[in-house]
Amino acid sequence: GQQLNQSPQSMFIQEGEDVSMNCTSSSIFNTWLWYKQDPGEGPVLLIALYKAGELTSNGRLTAQFGITRKDSFLNISASIPSDVGIYFCAGHSYYGQNFVFGPGTRLSVLP
Amino acid sequence: GAVVSQHPSRVICKSGTSVKIECRSLDFQATTMFWYRQFPKQSLMLMATSNEGSKATYEQGVEKDKFLINHASLTLSTLTVTSAHPEDSSFYICSARDGGEKLFFGSGTQLSVL
């Protein structure tokens, strides 16, 4: 079945640094969604992407829909302590009812 | 963004009892809702897809008699864990699709079975 890979699996950064993470798939998706999950909470939608090459920002977050439609990227600029959490990507294709989720990138921000 | 309400947020029950978890879309109609299970430090594991007015579609390995799903209206889906046992202890999360290409999650339910 469809699977998503996320890289890196985890990262430790200093406060103020920029963060980059990506999500790759072996198959094409028509929608990419990025979520952040805090401990003991449900994931919160950060950014939704619907078109190849699309670049969308939400505050300090910027995500891109890869040209090949098999990948997506999320960047966080000037990280702050509250950016700590797990970031999940999710993909959806026209042929499937379900969204496929990646395993997540665990972000830790050191003061 | 759209709001999905999930209750209860935490439940502790005795082994052998049943627990019902509710998932409501508060400001949109959700023809499709999803139920997930999440183990510590792991990703979301899809359990079942719930369509309003029809039977839920369960993922392979998920017991339909154990995890009863009802999607009686466009804004409410329920998951009942029947005859719960300690191995059913987990974090359960619902999500609802807004009719487009976005998925919104509830805040999750931490189930602990003693």
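Q: Teacher, can you tell me more about the pattern of salt bridges here?
A: When the charged atoms of two side chains with opposite charge come close together, those side chains can pair. Residues and elements named next belong to chain B. In this structure the tally under the stated criterion is five salt bridges over all chains. For the salt bridge of Glu 22 with Arg 24, the shortest nitrogen-to-oxygen distance reads 3.4 Å. Relative accessible area serves as the criterion here: at 28%, Glu 22 is assigned to the partly exposed category. Residue Glu 101 pairs with Arg 97 through a salt bridge whose shortest N-O separation is 2.9 Å. In this structure Arg 97 comes out as buried when scored by relative accessible area, which is 15%.

Q: I would appreciate a short explanation of the state of the cysteines in the present structure.
A: What is meant by a disulfide is a covalent connection between two cysteines, made through their sulfur atoms. All names here are of chain A. Inspection of the entire model under this criterion finds two disulfides over all chains. Note on cysteine connectivity: Cys 23 is disulfide-linked to Cys 89, with sulfurs 1.9 Å apart. On the sign convention where negative means left-handed, the S-S torsion of about 55 degrees between Cys 23 and Cys 89 marks this disulfide as right-handed. Residue Cys 23 is located in strand 3 (residues 19-25), and its partner Cys 89 is located in strand 9 (residues 85-92); the two are separated by 66 residues in the primary sequence.

Q: Any chance you could explain the side chain of Asp83(A) here in plain terms?
A: Inspection of the secondary structure puts Asp83(A) in the loop between strand 8 (71-76) and strand 9. One polar contact links Asp83(A) to Arg60(A), side chain to side chain, over a distance of 2.8 Å.

Q: Please clarify how the pairing of strand 7 (residues 67-73) of chain B should be interpreted in this entry.
A: Walk down a regular strand and you will see the side chains alternate between the two sheet faces. Residue and element names in this part refer to chain B. In terms of strand pairing, strand 7 meets strand 8 (residues 76-81) through five bridges, oriented antiparallel. Each bridged residue has a counterpart across the sheet, and for Leu 68 the counterpart in strand 8 is Thr 80. Connecting strand 7 to the antiparallel partner strand 8 that follows it, the hairpin turn spans two residues.

Q: Sorry, what's going on with the interface of chain B and chain A here?
A: As a measure of interface size, the accessible area lost when the parts come together is often cited. Chain B puts 23 residues into the contact, and the matching count from chain A is 20 residues. Taken together, both faces of the contact between chain B and chain A bury some 1700 Å²; the carbon and sulfur share is 58%. Counting every contact that joins chain B to chain A gives zero salt bridges. At the surface where chain B touches chain A, the tally comes to seven residue pairs in polar contact (both at pLDDT 80 or more). Of all the secondary-structure elements, those providing two or more residues to the side of chain B that touches chain A are strand 4 (32-38), strand 5 (45-51), strand 9 (90-97) and strand 10 (103-105) of chain B. In terms of residue count, the dominant contributor to the side of chain B that touches chain A is strand 4 of chain B (four residues). The class makeup of the residues in the side of chain B that touches chain A is nine nonpolar, nine polar and five charged.

Q: I'm lost on the packing of aromatic side chains in this one. Help?
A: The geometry of an aromatic ring pair is captured by the separation of the ring centres together with the interplanar angle, meaning the angle of the planes. All chains considered together, the criterion is met by 10 aromatic pairs over all chains. Here the aromatic rings of Tyr35(A) and Phe101(A) are separated by 5.9 Å at their centres, their planes lie at 40 degrees, and the arrangement is tilted. Of this pair, Tyr35(A) sits in strand 4 (residues 31-37) while Phe101(A) sits in strand 10 (residues 100-101), placing them 66 residues apart in sequence. Here Tyr35(A) and Phe101(A) have matching classes, each one buried. Judged by centre distance (5.1 Å) and plane angle (90 degrees), the ring pair of Tyr35(A) and Phe105(B) falls under edge-to-face. Pair noted here: Tyr35(A) is in strand 4 and Phe105(B) is in strand 10, and the two residues belong to different chains. Each of the two residues, Tyr35(A) as well as Phe105(B), counts as buried. Every member of this aromatic cluster is reached through a ring pair, and the members are Tyr35(A), Phe101(A), Phe34(B), Tyr36(B) and Phe105(B).

Q: I'm lost on the sheet that holds strand 7 of chain B in this one. Help?
A: Strand pairs in the sheet, formed through backbone hydrogen bonds, run parallel or antiparallel to each other. Residues and elements named next belong to chain B. Sheet architecture is open: four strands sit in the order 1-3-8-7, paired in antiparallel fashion. Looking at strand neighbours, the two that pair on one side only are strand 1 (4-7) and strand 7, the edges of this open sheet. Ignoring which end each strand starts from, the neighbouring axes of this sheet average 15 degrees apart. Relative to strand 8, strand 3 (residues 19-25) runs antiparallel, the two being bridged by six bridges. Counterpart to Val 19 in the pairing with strand 8 is Val 81.

Parameters and conventions
- Residues numbered from 1 in each chain as written.
- Chains lettered and ligands numbered in written order.
- Predicted model: local features only at pLDDT ≥ 70, side-chain atom pairs only at ≥ 80, totals over all residues.
- Heavy atoms only, no water.
- Salt bridge = Lys/Arg side-chain N within 4 Å of Asp/Glu carboxyl O.
- Buried < 20%, exposed > 50% of the residue type's maximum accessible area, 1.4 Å probe, protein only.
- Disulfide = S-S within 2.5 Å.
- Helix = DSSP H or I, 4+ residues; strand = E, 2+ residues; numbered from the N terminus.
- Polar contact = N/O pair within 3.5 Å; in protein donor to acceptor, adjacent residues only side chain to side chain.
- Pairing = 2+ DSSP bridges.
- Contact = heavy atoms within 4.5 Å.
- Buried area = accessible area lost by both parts, 1.4 Å probe.
- Nonpolar A, V, L, I, M, F, W, Y, C, P; charged D, E, K, R; others polar.
- Phe/Tyr/Trp six-rings, centres within 6.5 Å; stacked < 30°, edge-to-face > 60°.
- Axes fitted to C-alpha atoms, helices over the stretch in contact; angles between N-to-C directions.

Note that all results are geometric; they support no functional claim without further evidence.
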